Amino acid sequence: MLKFKWLPAFLFIVVILAFIGWNSIFSNQEWIRLVGINGIQLLVGAISFMWLYKAYIRSTGRKRHFWFLLSAGLLFSFTGNFIWLYFQVTHNVLYSNEFSSVFWVLSYFTFLLALMNRTQLIGFTFSSRTYTFNLIIYMLTASAITYHFLIQPFLLATDASLFDLLLTLGYQLVDLGILFFIIILYYRIQSKKEEKIFLFIVAGLFLQITADSLSAYLSIGDKYLPGSFLDLMWISALLLIGGAAFYNKETLSQDMEQKENISDQKRSTLPYVSILSLLLLGIFSNSWHFNALSIGLLFAFLLVLGHQLYIINRNNKLMAELRYSAYYDSLTGLANRVSFIGDMKIIIEEKTEEQVAFLLIDLDRFKLINDTLGHHIGDEILKKTAIRLKNSLPATTEIYRLGGDEFVITLPHATERTAAETAKQILASFEKPFPVRSHEINVTTSIGISLFPGHGTTSEDLLKNADAAMYLSKEKGKNIFSFYNAELNKNMMRKMDIENHLVKALELNQLSLFYQPKVNLETQEIVGMEALLRWKHPEMGWISPAEFIPVAEETGQIVPIGKWVLEEACRQNKLWQDQGLPSLKVSVNVSVLQFQSGKFIKNVKSILMDTQLPPQFLELEITESIMQNIAESTEVLEQLGKLGVKTSIDDFGTGYSSLHVLQKLPIDTLKIDKAFIDELDQNCKQPMVKAIIDLALNLGLNIVAEGIESANQMESLIEMGCPVGQGYLFSRPIDSLEFEKLIGLSTLTPETDAKQPAGSS
Ligand code: C2E
Ligand code: MG
Ligand code: MG
């Protein structure tokens with residue numbers, strides 16, 4: 001079925017066929033031929049009027065005046081044609097008469113008013129526009145031609161009546177006025193993409209005044225025949241003007257997706273074309289003889305013109321390059337952040353009734369690729385990502401690279417379903433690995449989606465919310481998409497609350513340390529303890545370290561907090577030793593940020609000095625992420641070794657462990673992550689666990705299994721040769737007073753059911 005949006009084009013073809021058909025069928029019956037053509041003109045006028053009137057009813061604010069004036073203009077034009085038809089039918093008059101002409105001039109005048117109104121609305125500045133020069137040239141050329149060919153013959157003609165003269169003058173002046181304003185509008189269309197709808201009006205009115213001028217010229221030589229191609233031009237003009245109203249709504253949204261036209265070349269050459277035509281017309285109208293002088297003049301002009309065009313062309317290229325680098329990303333060729341912000345503005349201003357989806361796409365572990373394989377490989381991946389995105393999306397979808405490994409796409413006319421489908425398409429396009437140089441690299445993405453206007457009406461909010469949703473995707477395990485939702489907002493608010501209160505937590509004595517024993521798996525003897533930070537806020541209650549430690553790491557608060565933990569753990573351990581309790585090693589968790597802050601070694605030294613704890617009773621637990629900065633970490637670890645402080649790798653197996661690097665690190669202990677221990681429930685001979693234990697033992701490292709909750713897990717670990725463990729099976733982390741009682745016991749009896757959710761104590 002014919003799509004509704006093609007209606008004007010379809011009508012256009014029908015009208016042309018009807019016009020040609022009618023003209024040829026009744027070529028010998030002049031009266032029927034002209035009445036028919038007039039009829040077609042009336043019909044088209046009526047349809048265009050209807051579209052314009054609808055646009056007027058639909059529009060709001062000051063734009064209404066414009067559509068009103070255009071409708072009125074069309075009504076006048078229709079009336080003019082109707083009067084002509086009336087005289088044709090009733091008086092058998094073939095040619096139009098003065099009444100019709102008056103209405104037509106009136107209709108033009110109304111069009112002129114409409115254009116003035118519109119130009120005023122969109123802003124009318126001469127000073128800042130390069131088109132001032134061009135405008136003057138066009139108007140000069142048009143005025144000269146109009147005067148020479150259309151007005152002057154009338155002034156010279158002796159038989160012309162005053163009415164005819166006034167009518168001609170009226171026509172020509174209004175036509176020149178219309179030309180003036182459509183040039184301005186045309187330039188505005190080029191620089192403001194949302195004004196594209198006026199291309200129809202500009203084209204329509206241009207066609208109309210061209211047809212007028214031709215008919216006026218032909219009339220002077222009595223060569224004008226009604227029903228000629230000029231009528232077809234007028235009919236087309238009516239359709240184009242009406243078409244503008246028809247597409248008024250639709251084009252606005254579709255053109256949004258098109259980038260600003262980068263090249264100005266066509267616009268800059270037009271003035272020269274018009275000067276050349278003026279020169280040629282001048283030469284021919286004065287019946288110049290081609291002599292050396294006139295030929296010389298022409299060539300000189302052409303040379304100047306050629307040179308000028310060359311300069312314009314070069315400047316345009318430079319301008320295009322400049323604009324390109326301002327709006328496009330040089331690595332991927334995608335639109336950049338500046339483009340994105342500009343386009344967002346338009347979306348927010350124009351698309352108030354339509355839902356637009358924003359998909360924020362972030363590559364997973366891209367930093368790791370850069371760090372391990374080098375930036376050149378990272379760049380290759382980004383380029384290939386841009387290509388994959390382009391290939392997986394419709395050509396009209398705008399893709400932006402906001403920076404780093406962050407990409408955004410906008411989907412107009414979106415629903416949750418279509419946005420989700422697009423996200424799935426994107427995820428699927430990353431299923432195959434990227435062949436880069438000699439590597440096959442698996443890259444996945446995490447996507448966050450926010451919807452305009454539901455999830456925000458400013459570009460900052462929409463992006464922030466898409467970002468929050470994207471982080472949710474990462475948290476949920478990456479390689480998925482998530483929509484922004486109010487829950488996320490709540491999470492963000494909670495995170496902000498935590499951030500604000502954490503600043504004061506230390507000062508207000510809200511922090512404390514709990515201790516969890518490490519036991520010899522075979523004898524159940526306590527061989528050490530891990531100090532675990534606890535935060536009890538007077539209103540928010542117990543807050544898990546899993547929740548507040550990442551916030552403290554983000555804000556840098558972890559450095560002073562970590563220092564306090566270290567002091568407190570050493571102080572407490574020394575106190576217990578002084579009280580005659582068994583001497584145990586205390587393990588303290590250290591965040592990478594703390595570990596890599598220049599003062600770390602100095603702090604450890606001074607804390608050991610202050611608390612008088614012998615260094616062999618302190619162990620520092622560091623996560624695998626220190627491996628990202630291997631040289632620096634090795635140095636710090638070596639210095640700790642020299643101090644006599646023990647070190648262990650916490651949560652081993654969850655991060656970017658490279659067993660190869662592990663061999664080179666001067667560490668003492670490996671802590672196998674709880675995730676592996678959990679798997680022992682399904683497979684008591686979990687090969688990974690066995691491999692890690694064997695490797696650690698071969699390297700001469702101590703090994704600790706963490707998160708042991710069941711006797712089965714314990715037995716499997718004993719069988720695999722793991723000497724030490726830690727977990728709820730033996731004891732949850734408990735406060736210092738309780739722990740004191742516990743170490744008094746020296747050996748522990750495993751609980752029968754330790755599989756309760758991890759609490760804050
Ligand atoms: P982690 O260092 O791996 O600590 C072990 C976590 O596992 C602790 O959680 C502990 O309570 C929990 N856990 C121990 N046994 C079991 C078990 O059998 N079952 C279950 N489900 N959980 C068990 P917690 O205390 O919530 O600490 C979470 C993480 O927060 C720690 O993981 C550590 O990475 C971080 N953290 C805690 N205190 C500090 C600190 O003082 N400084 C730094 N930088 N991070 C800390
Ligand atoms: Mg730990
Ligand atoms: Mg751990």
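If you're wondering where the values come from, they're calculated on a predicted model, not measured in any experiment. (Residues numbered from 1 in each chain as written. Chains lettered and ligands numbered in written order. Predicted model: local features only at pLDDT ≥ 70, side-chain atom pairs only at ≥ 80, totals over all residues. Heavy atoms only, no water.)

## Digging into unusual backbone geometry
Backbone torsion omega between F452 and P453 reads 5 degrees, so that peptide bond is classified as cis. Examined against the element boundaries, P453 turns out to sit in the loop between β6 (445–452) and α16 (459–475). Despite not being glycine, K478 has its phi angle at roughly 70 degrees, a positive value. With respect to the secondary-structure elements, K478 resides in the loop between α16 and β7 (481–483). Residue classification places K478 among the partly exposed positions, given a relative accessible area of 25%. Despite not being glycine, Q524 has its phi angle at roughly 65 degrees, a positive value. Judged by its relative accessible area of 12%, Q524 is buried. (Helix = DSSP H or I, 4+ residues; strand = E, 2+ residues; numbered from the N terminus. Buried < 20%, exposed > 50% of the residue type's maximum accessible area, 1.4 Å probe, protein only.)

## A short note on the site of ligand 1
Of all residues adjacent to ligand 1, which total 23 residues, the nearest are R534, N589, D650, E709 and Y728. Separating an oxygen atom of ligand 1 from a side-chain N or O atom of D650 is a distance of 2.8 Å. In this structure, E706 approaches ligand 1 through a side-chain N or O atom, which is 3.3 Å from an oxygen atom. Looking at the shell around ligand 1, the elements with two or more residues in it are β9 (526–537), α18 (545–555), α19 (558–578) and β13 (646–652). (Near = heavy atom within 4 Å. Polar contact = N/O pair within 3.5 Å; in protein donor to acceptor, adjacent residues only side chain to side chain.)

## Structural notes on α16
Note on helix geometry: an α-helix contains 3.6 residues per turn, so any two residues three or four positions apart are oriented the same way. In this model, α16 (17 residues) spans 24 Å end to end at C-alpha, consistent with the 24 Å of a helix rising 1.5 Å per residue. All of the buried residues in α16 are S459, L462, L463, N465, A466, A468, A469, M470, L472, S473 and K474. Positioned one or two residues after α16, G477 has a phi angle of 115 degrees, which is positive. (Expected span 1.5 Å × (residues − 1).)

## Focus on the coordination of the magnesium ion (ligand 3)
Each protein donor to the magnesium ion (ligand 3) is listed here as D650 (OD), D651 (OD), E706 (OE) and E706 (OE); together their distances run 2.0 to 2.4 Å. One chain supplies every donor for the magnesium ion (ligand 3), spaced along it as D-D-x54-E. A gap of 3.9 Å separates the magnesium ion (ligand 3) and the magnesium ion (ligand 2), which D650 links by coordinating each metal. Of this pair, D650 sits in strand β13 while E706 sits in strand β15 (residues 702–706), and the two are 56 residues apart along the sequence. Overall, the relative accessible area of 11% leaves E706 in the buried class. (Donors = N, O, S within 2.8 Å, 3.2 Å for Na, K, Ca; no water.)

## Some remarks on the coordination of the magnesium ion (ligand 2)
The magnesium ion (ligand 2) binds to the protein through E530 (OE), N589 (OD1), E621 (OE) and D650 (OD), with metal-donor distances spanning 2.0 to 2.2 Å. Within one chain, the residues donating to the magnesium ion (ligand 2) are spaced in sequence as E-x58-N-x31-E-x28-D. Residue N589 is classed as partly exposed on the basis of its relative accessible area, which comes to 28%. Judged by relative accessible area, which is 7%, D650 ranks as buried.

## Some remarks on the sheet that holds strand β1 (residues 356–363)
Remark on secondary structure: sheet strands pair via backbone hydrogen bonds, oriented parallel or antiparallel. Pairing within the open sheet is mixed, and its five strands lie in the order β2-β3-β1-β6-β7. Each edge of the open sheet is held by one strand with a lone partner, namely β2 (398–403) and β7. Here the strands of the sheet are splayed against their neighbours by 25 degrees on average, with no regard to which way each runs. Strands β1, β2, β3 (406–411), β6 and β7 of the sheet are contacted by α16, whose axis makes an angle of about 145 degrees with β6. (Pairing = 2+ DSSP bridges. Axes fitted to C-alpha atoms, helices over the stretch in contact; angles between N-to-C directions. Contact = heavy atoms within 4.5 Å.)

## With respect to the pattern of salt bridges
What the rule picks out here adds up to 22 salt bridges. Here E530 ties to K671 by a salt bridge, and the two come within 2.8 Å at their closest N and O atoms. Here E530 is found in strand β9, whereas its partner K671 is found in strand β14 (residues 669–672), with 141 residues between them in sequence. Residues E530 and K671 agree in their burial class; the two are buried. The shortest N-O distance in the salt bridge between D578 and K574 comes to 3.0 Å. Taken as a pair, D578 and K574 lie in helix α19 at a separation of four residues, close to a single helical turn. Three or more residues are tied together by salt bridges with common partners; here these are K518, E530, K585, E619, E621, K671 and E706. (Salt bridge = Lys/Arg side-chain N within 4 Å of Asp/Glu carboxyl O.)

## Re the pairing of β1
Of all eight residues in β1, eight are buried; the element is thus mostly enclosed. Of the two faces of β1, both are covered, the one formed by V356, F358, L360 and D362 as well as the one formed by A357, L359, I361 and L363. Pairing of β1 with β6, which is carried by eight bridges, proceeds in the antiparallel orientation. Looking at β6, one finds that A357 is bridged to L451. The sheet contact formed by β1 and β3 spans six bridges and is antiparallel. For F358, the partnering residue across the bridge sits in β3 and is T410.

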